[in-house]
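Listed below, chain by chain, are the residues.
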Amino acid sequence: MLTPIEIDQIAAATARKLYKMLKEDDLPPTEYVTVKEAARMLGVSEDHMRKLKDQFPHIKNGEKQQGRVLFLREGLIKNYAK
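Residues numbered from 1 in each chain as written. Predicted model: local features only at pLDDT ≥ 70, side-chain atom pairs only at ≥ 80, totals over all residues. Heavy atoms only, no water.

Peer 1: How should I be thinking about the pairing of strand E3 (residues 68-72) in this particular structure?
Peer 2: Looking along a regular strand, one sees the side chains alternate between the two faces of the sheet. Burial analysis of E3 places 4 of its 5 residues in the buried class, which makes it a mostly covered element. With 3 bridges joining them, strand E1 (residues 32-34) and E3 adopt antiparallel strand pairing. From the neighbouring strand, Val 33 faces E3, where its bridge partner is Phe 71. Sheet analysis places strand E2 (residues 58-61) next to E3, joined by 4 bridges and oriented antiparallel. Within the sheet, the bridge partner assigned to Ile 59 lies in E3 and is Leu 70. (Buried < 20%, exposed > 50% of the residue type's maximum accessible area, 1.4 Å probe, protein only. Helix = DSSP H or I, 4+ residues; strand = E, 2+ residues; numbered from the N terminus. Pairing = 2+ DSSP bridges.)

As structure tokens, this is what we get:
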């Protein structure tokens, strides 16, 4: 059985590896994803993602309230890896 310290060490090592993998990913910096895709990436509902939108780089594609919110994929990855 693992001790809490060993579990923390494994979690930290895994997070560092994941961050390194995501950082090295050569996705173009202007790739945008929909609310649905962003929510799936972060493991939250679409409604919750809309509430969180100001915490992530995004644009609104369209006019007024009818526009679609699109999130910068790289911004989601960077914020998720923190």
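Having seen it, we continue.
Peer 1: Looking at this model, I keep getting lost on a nonpolar patch on the surface. Mind explaining?
Peer 2: A contiguous nonpolar surface patch, about 280 Å² in accessible area, is contributed by Leu 2, Ile 7 and Ile 10. For Leu 2, the position within the fold is in the segment before helix H1 (4-24). (Patch = residues over 30% accessible without salt bridge, like charges linked within 9 Å, V, L, I, M, F, W, Y side chains within 5 Å. Areas by Shrake-Rupley, 256 points an atom, 1.4 Å probe, with all protein chains shown as cover. Salt bridge = Lys/Arg side-chain N within 4 Å of Asp/Glu carboxyl O.)

Peer 1: So what exactly am I meant to see when it comes to the pattern of salt bridges here?
Peer 2: Once the charged atoms of two side chains with opposite charge are near each other, the side chains can pair. As enumerated under the stated definition, the model contains 4 salt bridges in all. Of the charged contacts in the structure, one is a salt bridge between Asp 47 and Arg 50, with a shortest N-O distance of 3.5 Å. On the criterion of helical spacing, the pair formed by Asp 47 and Arg 50 is a turn pair, its members being 3 residues apart in helix H3 (residues 46-52). Of the charged contacts, one joins Glu 74 and Lys 78 as a salt bridge, the two residues approaching to 2.9 Å between their closest N and O atoms. Taken together, the positions of Glu 74 and Lys 78, both in helix H4 (residues 73-81) and 4 residues apart, correspond to about one turn of that helix. Take Lys 78: its relative accessible area is 48%, and that puts it in the partly exposed class.

Peer 1: I would appreciate a short explanation of the sheet that holds E3 in the present structure.
Peer 2: The strands that make up a sheet pair up through hydrogen bonds in the backbone, lying either parallel or antiparallel. Here we have 3 strands laid out as an open sheet, ordered E1-E3-E2, and antiparallel in their pairing. Whereas interior strands pair on both sides, the edge strands pair on one side only; in this sheet they are E1 and E2. Shown here is a sheet whose adjacent strand axes are inclined to one another by a mean of 35°, direction ignored. Lying on the sheet, helix H2 (residues 35-42) is in contact with E1 and E3; it crosses E1 at an angle near 90°. (Axes fitted to C-alpha atoms, helices over the stretch in contact; angles between N-to-C directions. Contact = heavy atoms within 4.5 Å.)

Peer 1: Help me out: how do you make sense of H2 in this one?
Peer 2: For an α-helix, 3.6 residues make a turn, and residues three or four places apart therefore share a direction. Regarding H2, the residues found buried are Val 35, Ala 38, Ala 39 and Leu 42. Projection of H2 onto a plane perpendicular to its axis shows the buried side chains occupying an angular sector of 100°, all on one side. When the buried face of H2 is taken as reference, the exposed residues oriented beyond 90 degrees from it are Lys 36 and Arg 40. Looking at the residues trailing H2, positive phi occurs at Gly 43, about 70°. (Arc of directions from axis to C-beta.)

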